[in-house]
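Residues per chain are reported as follows:
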Amino acid sequence: MTSLEYISQCYRNYRSSRIDDNISPNDAMFNEWYFSVGESAIDNIALAALASRLSCVERVLDLPCGHGRVLRHITKFFPEATIYACDLDVDGVRFCEKTFGAMPIPSLPKLENVVFPCAFDVIWVGSLFTHMRRETIKRSLLYLSRYLSPCGIIVATIHGRWVEHAYEICRYIGEDRWKKIMDEYRSGGYGYCDYIKEESHAYIEHSYGVSIIRPHIILSDIEEMPGVRVLMYRERGWADHQDVVVVGKPAYNEKWPGMK
């Protein structure tokens, strides 16, 4: 089965399935766009798979899973796959395990300290790198790439060029810290500042805030990563808001498995 045939089959199954609407009372992400955001994640995962040569998905990692905003959709798109739920929010991980049958993986403040149990065909990283320092993003991407199957993909979202304008609609962070972010971004293509405790339900001191990255910056960082290739970049690809970048195996200078 080709990748196109496989993903087409996944889409047919997904469209004929009912998405579980069981919402945790502790889900801080629940709002009027909740289900459409999850559906948009599936669109990006499908496009990413087509950009690769995935013709079978057996293991998927959702990081951070929260309380299943995207995971509830992934279970319907890849119904035969084992889904792993990973997050610092232990309540969210437990909810995904109990409600959607996901395999639980409690995360750690430093992602490189998490030992994952297997290689993954798909790793969905939704709105995690949007809150990280540049060096942390680079280390995390490199670490996750070591857990990819031979044609595995990482589908990750970042704050790109649109966010400079979206701030007028959605105030991500306090005005003084946003100015610092934008000063760095305009001068070097990347900006970051920590949240203060009152601004985030998932506050982590000195390691969690708001970042914004120009496309060429994140792509140049990926170029330095061994063993992967750039498969896709979509501005405002996730829910018409965050950019989507896809990297995967094999490396850019290696053949696809099975090719002569």
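Here we summarise the structure given alongside this text. The model shown is predicted, which means the values in this text are computed figures rather than measured ones.

1. Examining the pattern of salt bridges
Here is step 1 of the chain: Scanning the model with the defined rule gives 15 salt bridges in all.
Here is step 2 of the chain: In this structure, arginine 15 and glutamate 39 form a salt bridge, with 2.7 Å as the shortest nitrogen-oxygen distance. Within this pair, whereas arginine 15 is found in helix α1 (residues 3-15), its partner glutamate 39 is found in helix α2 (residues 34-51), the two being separated by 24 residues in sequence.
Here is step 3 of the chain: Measuring nitrogen to oxygen at the nearest pair gives 2.7 Å for the salt bridge that ties glutamate 235 to arginine 161. Here glutamate 235 is found in strand β8 (residues 229-238), whereas its partner arginine 161 is found in the loop between β5 (148-158) and α6 (163-166), with 74 residues between them in sequence.
Here is step 4 of the chain: The exposure class assigned to arginine 161 is partly exposed, which follows from its relative accessible area of 43%.
Here is step 5 of the chain: One connected set of salt bridges, linked through shared partners, spans Arg134, Glu135, Lys138, Asp221 and Glu224.

2. Thoughts on the sheet that holds β8
Here is step 1 of the chain: Ordered in space as β3-β2-β1-β4-β5-β9-β8, the 7 strands form an open sheet in which the pairing is mixed. Each having just a single partner strand, β3 (103-106) and β8 make up the two edges of the open sheet. This sheet shows a mean twist of 15° between the axes of neighbouring strands, independent of strand direction.
Here is step 2 of the chain: Where β8 and strand β9 (residues 242-248) come together, 6 bridges link them in antiparallel fashion. Residue pairing across strands places tryptophan 238 opposite glutamine 242, the latter belonging to β9.
Here is step 3 of the chain: Packed onto the sheet, helix α5 (residues 134-145) meets β1 (59-62), β4 (120-125), β5 and β9 and runs at close to 155° relative to β5.
Here is step 4 of the chain: Along the sheet, helix α8 (residues 215-223) makes contact with β5, β8 and β9, crossing β8 at roughly 155°.

3. Focus on the packing of aromatic side chains
Here is step 1 of the chain: Throughout the structure, instances matching the rule amount to 17 aromatic pairs.
Here is step 2 of the chain: Each ring, one from tyrosine 195 and one from tyrosine 208, has its centre 5.6 Å from the other, and the planes form 45°; the classification is tilted. Taken together, the residues span a long stretch of sequence, with tyrosine 195 in the loop between β6 (190-194) and β7 (209-213) and tyrosine 208 in the loop between β6 and β7 at a distance of 13 residues. Note on accessibility: tyrosine 195 and tyrosine 208 belong to one class, buried.
Here is step 3 of the chain: Taken together through their ring pairs, the aromatic side chains of Tyr6, Tyr11, Tyr14, Phe77 and Phe78 make up a single cluster.
Here is step 4 of the chain: Above the face of the tryptophan 256 ring, arginine 229 is positioned so that its terminal group lies 4.2 Å from the ring centre.
Here is step 5 of the chain: Above the ring of tryptophan 162, the side-chain terminus of arginine 236 is found at 3.7 Å from the ring centroid.

4. Some thoughts on the packing of α5 against α8
Here is step 1 of the chain: Where α5 contacts α8, the axes come no closer than 10 Å and their chain directions differ by 45°. With respect to α8, the axis of α5 lies oblique. The way α5 lies across α8 gives a crossing that is right-handed. Contact residues: α5 offers Arg134, Ile137, Lys138 and Leu141, while α8 offers Ile217, Ile218, Ser220, Asp221 and Ile222.
Here is step 2 of the chain: When the residues that make up the contact of α5 with α8 are grouped by side-chain class, the tally is 5 nonpolar, 1 polar and 3 charged.

5. Some words on the environment of methionine 225
Here is step 1 of the chain: Among the secondary structure elements, methionine 225 is positioned in the loop between α8 and β8.
Here is step 2 of the chain: Methionine 225 sits 67 residues away from isoleucine 158 along the chain, and the two C-alpha atoms are 18 Å apart.
Here is step 3 of the chain: Excluding residues that lie within four positions of it along the chain, methionine 225 makes contacts with Leu141, Leu142 and Ser145.

6. Some thoughts on unusual backbone geometry
Here is step 1 of the chain: The residue after leucine 63, namely proline 64, is reached through a cis peptide bond having omega -5°.
Here is step 2 of the chain: With respect to the element layout, proline 64 can be found in the loop between β1 and α3 (71-77).
Here is step 3 of the chain: The phi dihedral of serine 127 is positive, around 55°, even though this residue is not glycine.
Here is step 4 of the chain: Along the chain, the position of serine 127 falls in the loop between β4 and α5.
Here is step 5 of the chain: The phi torsion at arginine 236 lies on the positive side, around 55°, for a residue other than glycine.
Here is step 6 of the chain: As for its position among the elements, arginine 236 is in strand β8.

Cut-offs applied
Positions within a chain are numbered from 1, following the residues in the order the chain's sequence is written. At least 70 in pLDDT is required for a residue's local features to be given in this predicted model, at least 80 for side-chain atom pairs to be given and counted, and no such filter applies to totals for whole chains, interfaces and linings, which use all residues. Excluding hydrogens and water, the side-chain values take into account all heavy atoms of the structure. Just to be clear on terms, a salt bridge is a Lys or Arg side-chain nitrogen sitting within 4 Å of an Asp or Glu carboxyl oxygen. Strands are runs of DSSP state E lasting at least 2 residues, helices are runs of H or I lasting at least 4, and numbering of each runs from the N terminus. Throughout this description, buried means an accessible area under 20% of the type-specific maximum (1.4 Å probe, protein chains only), exposed means over 50%, and partly exposed covers the range between. For two strands to count as paired, DSSP must find a minimum of two bridges between them. Between N-to-C directions, angles cover 0 to 180 degrees, with each direction set by a line fitted to C-alpha atoms, over the stretch in contact for helices. Contacts were defined at the residue level, with two residues in contact if any of their heavy atoms lie within 4.5 Å. In this analysis, rings of Phe, Tyr and Trp, with Trp reduced to its six-membered ring, are considered paired at centre separations within 6.5 Å, and the interplanar angle assigns stacked below 30 degrees, edge-to-face beyond 60, and tilted for intermediate values. Sitting over a ring, as applied to charges here, requires NZ of Lys or CZ of Arg to be within 6 Å of the ring centre and within 35 degrees of the ring normal. For this classification, under 35 degrees means roughly parallel, over 145 means roughly antiparallel, 65 to 115 means roughly perpendicular, and everything else is oblique. Left-handed is the label given to a crossing in which the near helix is rotated counterclockwise from the far helix by less than a right angle, and right-handed is the label when the rotation is clockwise. Just so you know the grouping, Ala, Val, Leu, Ile, Met, Phe, Trp, Tyr, Cys and Pro go in nonpolar, Asp, Glu, Lys and Arg go in charged, and all remaining residues, Gly too, go in polar.

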